[in-house]
Every structure is written in structure tokens, then in C-alpha cells.
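# Structure assessment
What follows is the residue order along each chain.
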Amino acid sequence: MNIESVKSIFRLFSGDEDIGKYTPLISLAAAEVRGMLKEGADSSDTRLDFLCAAAANYRLQQINSAHDRSESTCAGMAKYSSDSGAELKFAAKLLTDYLGMCRDLITEAPIAFAAFGTDGEVNGDA
């Protein structure tokens with residue numbers, strides 16, 4: 001994987017220009033993707049850059065979703081979000097798509113990728 005390429009793709013997926021603060025998420029995603037590689041797989045395959053960026057973006061959207069759900073106003077009322085986790089659902093679908101695209105390079109997705117969803121979904125599947 002090319003980490004500079006991953007950062008550029010992550011910037012595209014997340015929509016955030018200041019990605020320096022997400023270095024730990026990108027590093028974690030890179031380690032997870034490296035751990036999924038089949039023996040003898042080409043670790044320089046560009047598809048893995050996209051998978052890594054999608055995994056980092058998914059983690060970011062999980063964090064944002066958890067943060068959004070816990071916010072409240074100064075009057076104590078819960079913050080209302082009209083998108084109902086749309087970013088997390090999109091990030092899960094994106095991750096699922098890239099996992100499928102890389103299926104010849106990786107072993108089965110570990111529980112950490114496959115188990116999380118929203119509203120009873122797995123990987124954003126409806």
C-alpha cells in the first residue's frame with residue numbers, strides 16, 4: 001500500500017481537507033488491511049489503497065456517529081440529526097464494495113469489519 005495514496009483517497013471519501021489529525025485511523029486501517037492479505041498477494045495493488053481509505057473512513061464515520069448521538073444542547077435536549085446516520089451507512093457500503101473488489105487479495109474480512117452496522121444492518125446492507 002502507498003500511504004500517500006491512501007491519504008489522498010481518504011481525503012476524497014471523508015470530505016475533510018485536514019487529514020493530518022486522522023493519521024492514527026489511517027495507520028490502524030493499514031494494519032488491518034495488511035493483516036487480511038493472502039499469502040503471496042501483491043501488497044502494492046492500488047485496490048488496497050482504496051480499501052484502506054474506505055476502512056479508515058468507516059472508522060471515522062463510526063466515531064462521528066457515536067459522537068453525534070451523544071451530543072445535547074445547553075438546555076439538555078438531544079441534538080437532532082435529520083440524516084439518521086447516512087454517512088455511516090454510505091461508509092459501510094463503500095467499505096463492503098472495496099472488500100468485494102479485493103476478494104482475490106484478502107482473506108475473509110475479520111469480525112471488526114463484518115460485524116458493525118446500523119439499525120440491525122451488517123456492513124450497511126439493507
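Above this text sits the structure in question.
Presented here is an overview of the structure given in this document. Model, not experiment: these values are computed from the prediction. (Residues numbered from 1 in each chain as written. Predicted model: local features only at pLDDT ≥ 70, side-chain atom pairs only at ≥ 80, totals over all residues. Heavy atoms only, no water.)

## Examining the overall build of the protein
Applicable threshold: In this text, helices come from DSSP runs of H or I with a minimum length of four residues, and strands from runs of E with a minimum of two, each type numbered from the N-terminal end. Using a 1.4 Å probe on the protein chains alone, a residue whose accessible area is under 20% of its type maximum counts as buried, one over 50% counts as exposed, and one in between counts as partly exposed. Here, residues are in contact when the closest pair of their heavy atoms is within 4.5 Å. Exposure was quantified through the Shrake-Rupley algorithm and a 1.4 Å probe, taking into account, for residues, occlusion by the shown protein chains and nothing else.
Tallying secondary structure elements over the protein gives five helices and zero strands in all. What you see in the protein, going N to C, is helices and strands ordered as α-α-α-α-α. A buried classification covers 37% of the 126 residues belonging to the protein. Long-range pairs, those at least 24 residues apart, make up 75% of the contacts in the protein with a sequence separation of at least 6. On the protein, roughly 7,200 Å² of surface is accessible, and the fraction owed to carbon and sulfur atoms is 55%.

## Section: the environment of arginine 59
What counts, and what does not: Under the rule applied, a polar contact is a pair of N or O atoms within 3.5 Å (in protein, one hydrogen donor and one hydrogen acceptor; residues adjacent in sequence only if both atoms are side-chain atoms).
Tracing the backbone shows arginine 59 in helix α3 (residues 46-70). Residue class for arginine 59 comes out buried when judged on its relative accessible area of 10%. Measuring from C-alpha to C-alpha, the distance between arginine 59 and leucine 25 comes to 7.1 Å, with 34 residues separating the pair along the chain. Side-chain polar atoms of arginine 59 contact the side chain of glutamate 32, separated by 3.0 Å.

## Section: the side chain of asparagine 57
Its place among the elements puts asparagine 57 in helix α3. Once residues within four sequence positions are removed from consideration, asparagine 57 is found in contact with Phe10, Phe13, Ser14, Ala91 and Leu94.

## A word on the nonpolar core
Soluble, globular proteins show a tendency: their nonpolar side chains are buried together. Applied cut-off: Residues enter a nonpolar core if they are buried and are Ala, Val, Leu, Ile, Met, Phe, Trp, Tyr or Cys, with the set joined through side-chain atoms within 4.5 Å.
Core analysis: the largest hydrophobic core is formed by 31 residues, its most contacted members being Phe10, Phe13, Leu48, Leu51, Leu95 and Ile106. Listed by contribution, the elements that provide at least two residues to this core are α1 (3-14), α2 (23-36), α3 and α4 (86-101). The dominant element in this core, judged by the number of residues it contributes, is α3, at nine residues.

## What to know about the packing of aromatic side chains
Applicable threshold: Aromatic contacts are taken between Phe, Tyr and Trp rings whose centres are within 6.5 Å, Trp giving its six-membered ring; a plane angle under 30 degrees counts as stacked, one over 60 as edge-to-face, and the others as tilted.
Tallied over the entire structure, the rule returns four aromatic pairs. Among the aromatic residues, those joined into a ring-pair cluster are Phe13, Phe50 and Tyr98.

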